[in-house]
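Commentary on secondary and tertiary structure
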Amino acid sequence: MKYDVEEIRGKIHTGQLEGIGERLEEDIESILKRGGIYFRIFNRAKTPFSIANKLEKGGYGFGENEKKLQDLVGLRVVVYYQDDMNIVRSILEETFCLEGEWSETDTTEEEFKASKFNGVFRIPDEYQRIYNGDISCVPADLTFEVQLRTISFEGWHEIEHDMRYKSPHGEEFWKNNGDLSRTLNCVLANLELCDWSTLSVFDQLSYYHYEEGNWEMMLKGKFRLRFDVKPLAPELIDFLDDNLGVAYCLYRCTRDRVIYALLREGNYEKLTYNLLVKVANETVATYDNKIQRRLAKLCNEILKAEKTPPAERADLNPMDVTPNFQLNVVLSHHPETELQEEFMTAVQMIGVWAQSRFHNIVGDIPVEPVDYELHMAGYNLQISANASLGFYRLNLDYVDMERKGVIWRTSVSLERSERIRMKVQCDYCHPPDRLIRESFAKPRFVDEIFRKIGYEDVIPMSLKPRKVHNLKDIENLSEFIAAPARNLPVIVAVEDEDGERQINVTRLAETVGTYAHVFLLDKKAIPVMVESSDYTREELLGSVWVTFRDGEDKFYTKEMIADSRFDFNKYAFDRGNIYEKAFRHKLVRLIKEKNC
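Below: a short report on this structure.

Reading guide: rules and limits
- Residues numbered from 1 in each chain as written.
- Predicted model: local features only at pLDDT ≥ 70, side-chain atom pairs only at ≥ 80, totals over all residues.
- Heavy atoms only, no water.
- Helix = DSSP H or I, 4+ residues; strand = E, 2+ residues; numbered from the N terminus.
- Rg over C-alpha atoms; globule rule 2.2 N^0.38 Å.
- Buried < 20%, exposed > 50% of the residue type's maximum accessible area, 1.4 Å probe, protein only.
- Pairing = 2+ DSSP bridges.
- Contact = heavy atoms within 4.5 Å.
- Axes fitted to C-alpha atoms, helices over the stretch in contact; angles between N-to-C directions.
- Salt bridge = Lys/Arg side-chain N within 4 Å of Asp/Glu carboxyl O.
- Arc of directions from axis to C-beta.
- Patch = residues over 30% accessible without salt bridge, like charges linked within 9 Å, V, L, I, M, F, W, Y side chains within 5 Å.
- Areas by Shrake-Rupley, 256 points an atom, 1.4 Å probe, with all protein chains shown as cover.
- Lys, Arg positive; Asp, Glu negative; His and termini not counted.
- Charge placed at Lys NZ, Arg CZ, Asp CG, Glu CD.
- Parallel < 35°, antiparallel > 145°, perpendicular 65-115°, else oblique.
- Left-handed = near helix turned anticlockwise from the far one by under 90°.
- Nonpolar A, V, L, I, M, F, W, Y, C, P; charged D, E, K, R; others polar.
- Phe/Tyr/Trp six-rings, centres within 6.5 Å; stacked < 30°, edge-to-face > 60°.
- Lys NZ or Arg CZ within 6 Å of the ring centre and 35° of its normal.

Here the focus is the overall build of the protein. When its secondary structure is counted, the protein shows 21 helices and 18 strands. In terms of overall size, the protein is more extended than a compact globule, its C-alpha atoms giving a radius of gyration of 34 Å where 596 residues would be expected to give roughly 25 Å. Projected onto the principal axes, the alpha-carbon positions of the protein cover approximately 100 × 65 × 65 Å. For the protein, the residues scored as buried account for 43% of the 596 residues in total.

In structure tokens:
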């Protein structure tokens, strides 16, 4: 490619462009909502690869007569009604600085094309000031593009973009198939007819309700706006019944003038029929001045009575703290290695992890056991450590950049005596009234320390299931489960005679092996297990037994496992034993919840 993707990635801060796109979307959304327009809005920022790929095409460059990329940030506004295209277009022109002219669909009376407007606007200075990327490496302007479409053509544009104009096969895709291309254009003609027919239907419906004296339904059909559920006031209905000339004037009001008048009205909480009558009376009335003043007074009285007092400023409340992951284990000790060396290795892995979390914030986070503090807006890191005493504690808080209002907290400590004990606690904090999707994030250093040194919870932890073959193994397992010092749950899966119905114990151990013990009971040992338990052979075959530190036990027969189902089956189209995946998913979730 002419332009290097990695250089673009390093200089053009895509994340900041995405932030600008989100702010512009919020700005436009708030204006269109005030006008009551039905719409959908989307934003995107061009990726470094997309930028480089587009600049490969002819005409882009730094020369005087060459084009500049103008859609680093793009927004798409999709309106429900065709006549809203020009209204939204005018609103955007009044709100932002238009660069050049709108690009619009150019058609003749003998052809059909997808209707759209494309406009390029200057990114406002207040947003440019917070952008610290460098776009000088590519021929581009700090502008954003807005595409206007109707909802009828929204899906069509995607089809046409992918299957016609941007097809990777070029003209070859439609070669010698002009009849099919023409048929596709017939579909396009029908979409245009749909847009026109929709307006015609509502115009006719509005006229019907005008003739019947159904004033509220007349307003709904005529203006097609997002009205609040509050009905037209009885006083206004009576007024229109007594003044049919006023009702006729409201029916004859042009829709765009009323929408612009609503926007000039200023901030209001809800768009009601009463408000629309007030605005139309003040701006487009052509009847007697005395009647106009009477109606204005009546509207003001109604709206004043409806107006709700401003809400008091909400008090700040403590955030909810949801446990996310925790671990309390002893690090394994290898006789050929000094205990202090293992301590320093664990400290280094935790420090490297902290560096990776804050690599864009600060670069001097220590990987040795020394005291350190960092306090920045949204970020907090504190390390208390003493190498000679064998003590290390790290507390780290940071704001989630994807989920609004969420703060992650991680605390990890190492204490060296005869062995090294490690405690990890991870939480996420969020507003009490915000529903946060369940999350489980095990810090990377947990697995790294396990692979390098290992963990023990009475016995060593393992990412492979331990086999139970005979009476001695069963006795050892029973003693281990009863050990007061055990912290982590124990899972015992019993082999099934039908191997295809057996849960994937190996995958289970790989998933939870750092915070749960996994055993596999050989089916040959089932007779011994029957003698030492209350279960029959049939109940034990293919079963799974889980016991927790507090003594709580859960026992699942293979029939219970076979009845497992996903509430949300992301694996519905996967091959293989779906019920087994569902049960394993359920079991892992149970272990995680107990872990927290």
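Next up on the list: the pairing of strand E10 (residues 407-416). In terms of strand pairing, strand E9 (residues 391-399) meets E10 through nine bridges, oriented antiparallel. Its bridge partner lying in E10, Tyr 398 is registered against Trp 408. Both E10 and strand E11 (residues 420-430) contribute to a ladder of ten bridges, which runs antiparallel. Residue pairing across strands places Trp 408 opposite Tyr 428, the latter belonging to E11. Connecting E10 to the next strand, E11, in antiparallel fashion are three residues.

This next bit is on the sheet that holds strand E5 (residues 143-150). Taken in spatial order, the five strands make up an open sheet running E1-E2-E5-E4-E3, and their pairing is mixed. The sheet is open, and its two edges are formed by strand E1 (39-45) and strand E3 (103-104), each paired on a single side. Bridge count for E1 against strand E2 (residues 73-79) is seven bridges, and the pairing is antiparallel. Considered in E2, the bridge of Phe 39 is made with Val 79. Sheet contacts for helix H4 (residues 84-95): E2, E3, strand E4 (117-122) and E5; angle to E5, the most-contacted strand, approximately 160°.

With that settled, the discussion passes to the sheet that holds strand E8 (residues 379-386). Ordered by their spatial adjacency, eight strands build an open sheet running E7-E8-E9-E10-E11-E6-E12-E13, and the pairing between neighbours is antiparallel. Strands with a single pairing partner mark the edges of an open sheet, and in this sheet they are strand E7 (372-376) and strand E13 (459-460). Bridge count between strand E6 (residues 320-331) and strand E12 (residues 455-457): two bridges; the pairing is antiparallel. Looking across to E12, one finds that Val 330 is bridged to Glu 456. Docked against the sheet, helix H15 (residues 444-452) engages E6, E10, E11 and E12, running at close to 90° with respect to E12.

According to the stated counting rule, one finds 25 salt bridges in the structure shown. In this structure, the salt-bridge partner of Lys 54 is Asp 71, at a minimum N-O distance of 3.1 Å. With Lys 54 in helix H3 (residues 48-55) and Asp 71 in the loop between H3 and E2, this pair connects stretches of sequence that are 17 residues apart.

Among the residues of helix H17 (residues 505-512), those classed as buried are Val 505, Leu 508, Ala 509 and Val 512. For H17, the angular spread of the buried residues around the axis is 95°, confining them to a single face.

A grouping of Glu 235, Asp 238, Asp 241, Asp 242 and Glu 301 is seen on the molecular surface, where their side chains present a negatively charged patch. At four residues, helix H9 (residues 234-242) tops the list of elements feeding residues into the negative patch. Considering the arrangement of structural elements, one finds Glu 235 in helix H9.

This paragraph deals with H3. Residues Pro 48, Ile 51, Ala 52 and Leu 55 constitute the buried set of H3. Mapping the buried residues of H3 onto a view down its axis gives an arc of 95°, with all of them on the same face. Residues of H3 that are buried make contact with helix H1 (5-11) and helix H2 (14-34).

A few words on the packing of H2 against H4. It is at 11 Å that the axes of H2 and H4 come closest, and there the two elements cross at 125°. In this view, H2 runs oblique relative to H4, as classed from their interaxial angle. Once H2 is placed against H4, the crossing between them reads as right-handed. On H4, the residues that touch Ile 28, Ile 31 and Leu 32 of H2 are Val 88, Ile 91, Leu 92 and Thr 95. Of the residues belonging to the contact of H2 with H4, the class tally is six nonpolar, one polar and no charged.

Geometry of an aromatic ring pair is reported as the spacing of the ring centres plus the angle between the planes. Applying the stated criterion across every chain yields a total of 22 aromatic pairs. Here Phe 325 and Tyr 515 contribute two aromatic rings whose centre-to-centre distance is 5.7 Å and whose plane-to-plane angle is 85°, an arrangement assigned as edge-to-face. Within this pair, whereas Phe 325 is found in strand E6, its partner Tyr 515 is found in the loop between H17 and strand E16 (517-521), the two being separated by 190 residues in sequence. Using a relative accessible area of 0% as the deciding quantity, one classes Phe 325 as buried. Of the residues examined, Tyr 515 reaches a relative accessible area of 2% and is grouped as buried. These aromatic residues form a ring-pair network of at least three members: Phe 96, Trp 102, Phe 117, Phe 121 and Phe 144. Above the plane of the ring of Tyr 251 lies Lys 222, whose end atom (NZ or CZ) is 5.4 Å from the centre. Sitting over the ring of Tyr 80, Arg 226 keeps its end group 6.0 Å from the ring centre.

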